[in-house]
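Listed below, chain by chain, are the residues.
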Amino acid sequence: LSSDLTDQIEKENIEVESLSLLSQSAVPEDAAAIMINSPSTDLSAEEAQMILTYLQNGGKAFITSTYTEEDMPNFRSILEYYGVSTRTGVVVEGDSSYYYPQSALYLLPEIESTNLTTSLTGENRYVMMPISQGIDTLDSARDTLNITSLLTTTSSSYEKADAANMTTLEQEDGDAQGPFSIGVYITETLNEEETETETDEETEAAESTEQAEESAA
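Residues numbered from 1 in each chain as written. Predicted model: local features only at pLDDT ≥ 70, side-chain atom pairs only at ≥ 80, totals over all residues. Heavy atoms only, no water.

Asker: Would you explain the overall build of the protein in this entry?
Answerer: For the protein, the helix and strand inventory stands at five helices and 14 strands. For the protein, with 217 residues in total, the buried portion stands at 39%. The long-range fraction of contacts in the protein, counting pairs at least 24 apart against all pairs at least 6 apart in sequence, stands at 70%. Of the roughly 12,000 Å² that the protein leaves accessible, carbon and sulfur atoms contribute 42%. (Helix = DSSP H or I, 4+ residues; strand = E, 2+ residues; numbered from the N terminus. Buried < 20%, exposed > 50% of the residue type's maximum accessible area, 1.4 Å probe, protein only. Contact = heavy atoms within 4.5 Å. Areas by Shrake-Rupley, 256 points an atom, 1.4 Å probe, with all protein chains shown as cover.)

Asker: Just checking my understanding: could you explain the sheet that holds strand 6 (residues 103-107) for this structure?
Answerer: Through backbone hydrogen bonds, the strands of a sheet pair up, either in parallel or in antiparallel fashion. Strand order in this open sheet of three strands is 5-6-8, and the pairing throughout is antiparallel. Each edge of the open sheet is held by one strand with a lone partner, namely strand 5 (99-100) and strand 8 (129-130). Relative to strand 6, strand 5 runs antiparallel, the two sharing two bridges. Residue pairing across strands places Y100 opposite S103, the latter belonging to strand 6. (Pairing = 2+ DSSP bridges.)

Asker: How do you make sense of the packing of aromatic side chains when you look at a structure like this?
Answerer: Using the criterion set out here, one finds one aromatic pair in the structure. Residues Y81 and Y82 carry aromatic rings whose centres are separated by 4.9 Å and whose planes lie at 80° to one another, so their mutual orientation is edge-to-face. Since its relative accessible area comes to 2%, Y82 is described here as buried. Residue placement shows R142 over the ring face of Y81; its charged tip is 4.2 Å from the ring centre. When the ring centre of Y82 is taken as reference, the NZ or CZ atom of R142 above it lies at 5.8 Å. (Phe/Tyr/Trp six-rings, centres within 6.5 Å; stacked < 30°, edge-to-face > 60°. Lys NZ or Arg CZ within 6 Å of the ring centre and 35° of its normal.)

Asker: Looking at this structure, how should I read the confidence of the model for the protein?
Answerer: Predicted coordinates in regions of low pLDDT should not be interpreted in detail. With 87% of its residues at a pLDDT of at least 70, the protein reaches an overall mean of 87. For residues 202-217, every residue scores under 50 in pLDDT, and the model assigns this stretch 33 contacts once sequence neighbours within four places are set aside. (pLDDT = per-residue confidence, 0-100.)

Asker: Is there a simple way to think about the nonpolar core in this case?
Answerer: Side chains of a nonpolar character, in soluble globular proteins, are inclined to be buried together. I51, L55, I63, F75 and I78 are the most contacted members of the largest nonpolar core, which has 23 residues in total. Elements that contribute at least two residues to this core include exactly strand 1 (34-37), helix 2 (45-56), strand 2 (60-64), helix 3 (73-81) and strand 13 (181-190). At six residues, the largest contribution of residues to this core is made by helix 2. One finds I111, M129, L151 and Y185 within the second-largest nonpolar core, a separate group that totals eleven residues. (Core = buried A, V, L, I, M, F, W, Y, C linked by side-chain atoms within 4.5 Å.)

Asker: Which parts of the structure should I look at to understand the sheet that holds strand 12 (residues 176-177)?
Answerer: Across the sheet, which stays open at both edges, the three strands sit in the order 4-11-12 with antiparallel pairing between neighbours. If you trace the sheet from one side to the other, it starts and ends with strand 4 (90-92) and strand 12, each paired once. As paired strands, strand 4 and strand 11 (residues 158-160) are joined by three bridges and run antiparallel to one another. Counterpart to V91 in the pairing with strand 11 is E159.

Asker: Is there a simple way to explain unusual backbone geometry in this structure?
Answerer: Geometrically, the link from G178 to P179 is a cis peptide bond, its omega value of 10° lying close to zero. Of note, P179 is situated in the loop between strand 12 and strand 13. One non-glycine residue, Q102, lies in the positive phi region at around 65°. Taking the relative accessible area as the measure of exposure, Q102 reaches 82% and is therefore exposed. At I131, a position not held by glycine, the phi torsion is positive, near 50°.

Asker: What is the right way to read the environment of A163 from this model?
Answerer: With respect to the helices and strands, A163 occurs in the loop between strand 11 and strand 12. Separated by 32 residues in the primary sequence, A163 and I131 place their C-alpha atoms 9.8 Å from one another.

Here it is as structure tokens:
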């Protein structure tokens, strides 16, 4: 995590510690929550299982990712266990009111009104989401999962599926049409305890809120 983001979290009286599961047999039981911040390489199968075990026992997680050509089946398995998957491409916003000026890949998504987003929607803030992927809810998602969209692009957005080889940001035949969820909140009730997973397809969302607010003003 960047020092700016760590400082912002600590201002909320939250203690932040780095955790390497390579030297652990499990996620510490006293961890109030864990953050998985846009891994650039895949987790091991053992790490993924430790994270799943922690969540299945009532743990909480904040998970971010960003576009990469790296195949990460173990990281993906955590998301899929909780009923979601990331799309393969990147989202381009077609409505200029919902992206940073002259940067259609730097999204300013619609913030859905939920208990989690009150501090943003109530003060007319923005969240900047550069190089984002859409999040799909799987048909196989368990009935016990509650998946709520937090950040959504407009119906004018579209997906460049082969982002590594795209030659234009203009919409072309074959580009999937939006809107897309790019941030979701997932809960599941387990033995009358609720486990929470927040998934965000962007590495800088928390850091960019104030920046986007100032830039868009």
